[in-house]
Amino acid sequence: SHIRNYDILVSTLAVTLVGTVVLISEVVIRIMWWNGGRVRRSGDRSDSSNPLALLGFILLPLAPLAGALIAGLFGRFIGRSGAHWVTILSVAVSFFGSVSVLMDVLEGNVFNGPVYTWLSSGNATFHIGFLIDRLSAMMMIVVTFVSLMVHIYTIGYMAEDPGYQRFFAYIS
């Protein structure tokens, strides 16, 4: 009885957390397209002055990393259901964020901005950055959706495995 109540509480908190994170992600992604009072269109790629856009795009791949760290470092404390909930929710955040990015890209918005300078030699400068166009936005959807489905499927597949928490940390 107590275990069932605990699972219901964890499920309720997880759904609330997902809703909150999706809402916050939507707000951040909508704000990151805002640049000096105008929306960037495909012809305007001068977006390195918008640090909020860069932050939003860095958060999409970091959400599953955060879930993996939580499941890996605190797996013994959060238990089996906590390990799969935190990793599934973190991948779901990336998926819904990717859907939001795709919607904006389909409206004509793109992002092309550097994260940091990797190498400078003479007049040549090499940057590491993000280019979010139609192809990369669609691939973000595909990869995060498949990953989300794998995470959900492995709940039953790995149910009796002794390394359950570690496994979810690895795949996230």
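Conventions we followed
Residues numbered from 1 in each chain as written. Predicted model: local features only at pLDDT ≥ 70, side-chain atom pairs only at ≥ 80, totals over all residues. Heavy atoms only, no water. Helix = DSSP H or I, 4+ residues; strand = E, 2+ residues; numbered from the N terminus. Buried < 20%, exposed > 50% of the residue type's maximum accessible area, 1.4 Å probe, protein only. Polar contact = N/O pair within 3.5 Å; in protein donor to acceptor, adjacent residues only side chain to side chain. Contact = heavy atoms within 4.5 Å. Phe/Tyr/Trp six-rings, centres within 6.5 Å; stacked < 30°, edge-to-face > 60°. Lys NZ or Arg CZ within 6 Å of the ring centre and 35° of its normal. Axes fitted to C-alpha atoms, helices over the stretch in contact; angles between N-to-C directions. Parallel < 35°, antiparallel > 145°, perpendicular 65-115°, else oblique. Left-handed = near helix turned anticlockwise from the far one by under 90°. Nonpolar A, V, L, I, M, F, W, Y, C, P; charged D, E, K, R; others polar. Pairing = 2+ DSSP bridges. Arc of directions from axis to C-beta. Core = buried A, V, L, I, M, F, W, Y, C linked by side-chain atoms within 4.5 Å. pLDDT = per-residue confidence, 0-100.

## Some remarks on the side chain of His-84
For His-84, the location among the structural elements is in helix H2 (residues 51-106). By relative accessible area, His-84 is classed as buried at 11%. Within the structure, the side chain of His-84 is placed 2.8 Å from the side chain of Tyr-164, a separation counted as a polar contact. Setting aside its immediate chain neighbours within four residues, His-84 contacts Ile-155, Tyr-164 and Phe-168.

## Regarding the packing of aromatic side chains
Across all of its chains, the model carries 6 aromatic pairs by this definition. Aromatic pair Phe-95 and Phe-145: ring centres 5.6 Å apart, planes at 50°, arrangement tilted. Here Phe-95, found in helix H2, pairs with Phe-145, found in helix H3 (residues 134-157); they are 50 residues apart in sequence, far enough to count as distant. Between Tyr-164 and Phe-168 the ring centres are 4.9 Å apart and the planes differ by 55°, which places this aromatic pair in the tilted class. Placement of both Tyr-164 and Phe-168 in helix H4 (residues 164-171) is noted, with a separation of 4 residues, approximately one turn of the helix. Accessibility classification places Tyr-164 together with Phe-168 in one group, the buried group. Among the aromatic residues, ring-to-ring pairing joins Phe-95, Phe-96 and Phe-145 into one connected group. Above the ring of Tyr-164, the side-chain terminus of Arg-80 is found at 4.3 Å from the ring centroid.

## Overview of the environment of Met-103
Of note, Met-103 is situated in helix H2. The exposure class of Met-103 is partly exposed, given its relative accessible area of 39%. Between the alpha carbons of Met-103 and Ala-137 there is a distance of 8.9 Å; along the sequence they are 34 residues apart.

## Some thoughts on the packing of H3 against H4
One can describe the packing of H3 onto H4 by two numbers: an axis separation of 11 Å at closest approach and a directional angle of 165°. With respect to H4, the axis of H3 lies roughly antiparallel. The handedness of the crossing between H3 and H4 comes out as right-handed. From H3, His-151, Thr-154 and Ile-155 reach across to H4, where they touch Tyr-164, Phe-167, Phe-168 and Ile-171. Broken down by class, the residue content of the contact of H3 with H4 amounts to 5 nonpolar, 2 polar and no charged.

## Regarding the pairing of strand S4 (residues 124-132)
With 9 bridges joining them, strand S3 (residues 111-121) and S4 adopt antiparallel strand pairing. Counterpart to Ser-121 in the pairing with S4 is Ala-124. Where S3 hands over to S4, the hairpin turn is made up of 2 residues, of which Gly-122 adopts a positive phi near 65°.

## Here's the deal with H4
Looking at H4, one finds that the buried residues are Tyr-164, Gln-165, Phe-168 and Ala-169. One side of H4 carries all its buried residues, which in axial view fall inside an arc of 140°. Facing away from the buried side of H4 by more than 90 degrees, the exposed set consists of Arg-166 and Tyr-170.

## Describing the nonpolar core
The biggest cluster of nonpolar side chains holds 15 residues, and the ones touching the most others in it are Phe-57, Val-101, Ile-132, Ala-137 and Leu-148. Secondary structure elements with two or more residues in this core: H2 and H3. Apart from residues lying up to four places away in sequence, Ala-137 is in contact with Val-101, Leu-102, Val-105 and Ile-132.

## Observations regarding the confidence of the model for the chain
The predicted model of the chain has a mean per-residue pLDDT of 75, with 67% of residues at 70 or higher. The secondary structure element of the chain with the lowest average pLDDT is strand S2 (residues 38-39), at 38, and the one with the highest is H3, at 88. Counted against residues more than four places away or in other chains, residues 33-49, with its pLDDT under 50, gives 39 contacts.

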